[in-house]
Amino acid sequence: MSFLVETQGEGAAQSIVLRDSSTGCSATIFRFGALLNAFSLPTVNGRINIVDGFADAAAAIANITKGFNGAKINPYVCRLQHGQYQLDQDIYQVSKFFLPPHAIHGLVYDAVYDVLELHADTHHSVVRLQYIYKQEDAGYPFEYSIEVRWQLSAHAQLSVTTTVQNLSDLAIPMTDGWHPYFTLGGSIDDCTLRFESHTQVVFDETLIPTGKLKADHRFTEGALLKDIFLDNCFLLNNPGHSACTLENQHYRLTVQPGAHYPYLQLYTPDHRKSIAIENLSAAPDAFNNGMGLVLLAPKEHRSFTTGYHLQIL
């Protein structure tokens, strides 16, 4: 058996390591947030970890809102205008984290998940995690389950599937995404970014979509990130078949979102050490603008999948 699953620590600070012992590839997932904190391979000079994460799970618990590194963003993604939305005839006001003037990154980024399954065989290693949201925020008074399944397979391929199910007795608004930061070592200024999109979502000065789209072809053939600053959302040309690649002279990361992640949000922090590549099921503020919004019927479930492939060049 070449694949293994290991656990480290206990309780909210527990981490799960998926490992391919034949190649040394590994992925570290925290019960806190179900987030990916490391995805690494051995190299001739040591080891490359392409996830810009936290020192450990305790650090993630203490600092998650400082950058939302790796966070699961759900049931709303990115910004929710003034933390408000209307459903039928009712106005709802969420109270969770605000980056004034708007609420950001949903309600479950700091959830501690239960471990449903740990599995390893000759083909892959798996961890399956679950959290039940029970109306913790008065602005989202609905109950639903969220299950996250991480799988490490051969050739440094990692996939994550999020499945949400409405446990309420009425239809609820739902969007989903991730907020990982990736680094290939050094500065992102030395990296080329490529993805298949001709369309950028136009934001206002507070990063809320205006309802307009504009042409943007910069990345279809690949663009060096030097002197490019991003905090933007793009609509993928062919959802489910549009990969995003980040590459420098040593490594290539390929991000392959499934069809239910048609939006790609990108953010370049000022430190330029990493880039947030965020697969989203909907545009920011979708609870208000409806761009990609799903109304999940009672007992209905929806799954969202992304794959990551790391290569040494």
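Residues numbered from 1 in each chain as written. Predicted model: local features only at pLDDT ≥ 70, side-chain atom pairs only at ≥ 80, totals over all residues. Heavy atoms only, no water.

1. A few points about the overall build of the protein
Helix and strand counts for the protein come out as 2 helices and 29 strands. Computed over the C-alpha atoms, the radius of gyration of the protein is 19 Å, within 12% of the 20 Å expected from 2.2 N^0.38 for a compact globule of 313 residues. For the C-alpha atoms alone, the extent of the protein along its principal axes is close to 60 × 45 × 35 Å. Within the protein, buried positions represent 53% of all 313 residues. (Helix = DSSP H or I, 4+ residues; strand = E, 2+ residues; numbered from the N terminus. Rg over C-alpha atoms; globule rule 2.2 N^0.38 Å. Buried < 20%, exposed > 50% of the residue type's maximum accessible area, 1.4 Å probe, protein only.)

2. As for the packing of aromatic side chains
Within the structure shown, the criterion is met by 19 aromatic pairs. A ring pair is formed by Tyr-140 and Tyr-144, whose centres lie 6.0 Å apart and whose planes are at 85°; its orientation type is edge-to-face. The class of Tyr-144 is buried, set by a relative accessible area of 0%. The positively charged end of Lys-96 is found above the aromatic ring belonging to Tyr-109, 4.8 Å away from the centroid. The lysine or arginine in question, Arg-272, covers the ring of Phe-229, its NZ or CZ lying 4.6 Å from the ring centre. (Phe/Tyr/Trp six-rings, centres within 6.5 Å; stacked < 30°, edge-to-face > 60°. Lys NZ or Arg CZ within 6 Å of the ring centre and 35° of its normal.)

3. Some details on the nonpolar core
Ranked by internal contacts, the top residues of the largest apolar core, which has 71 residues, are Phe-39, Tyr-140, Trp-150, Leu-193, Leu-225 and Ile-277. Sorting elements by how many residues they give to this core places strand β14 (residues 143–153) first, with 5 residues. The residues contacting Trp-150, other than those within four sequence positions of it, are Leu-18, Ile-29, Ala-34, Leu-36, Ser-125, Val-126, Val-127, Leu-158, Ser-159, Val-160, Trp-178 and Tyr-308. In terms of nonpolar packing, the next biggest core, distinct from the first, is built from 12 residues, Phe-30, Ala-59, Ala-60 and Ala-71 among them. (Core = buried A, V, L, I, M, F, W, Y, C linked by side-chain atoms within 4.5 Å. Contact = heavy atoms within 4.5 Å.)

4. Brief notes about the side chain of Thr-183
Counting through the fold element by element, Thr-183 comes out in the loop between β18 (181–182) and β19 (192–195). A polar side-chain atom of Thr-183 sits 3.1 Å from the main-chain amide nitrogen of Gly-185. A polar side-chain atom of Thr-183 sits 3.0 Å from the main-chain carbonyl oxygen of Lys-273. With residues up to four places along the chain from it excluded, the contact list for Thr-183 reads Asn-49, Ile-50, Val-51, Asp-52, Lys-273 and Ser-274. (Polar contact = N/O pair within 3.5 Å; in protein donor to acceptor, adjacent residues only side chain to side chain.)

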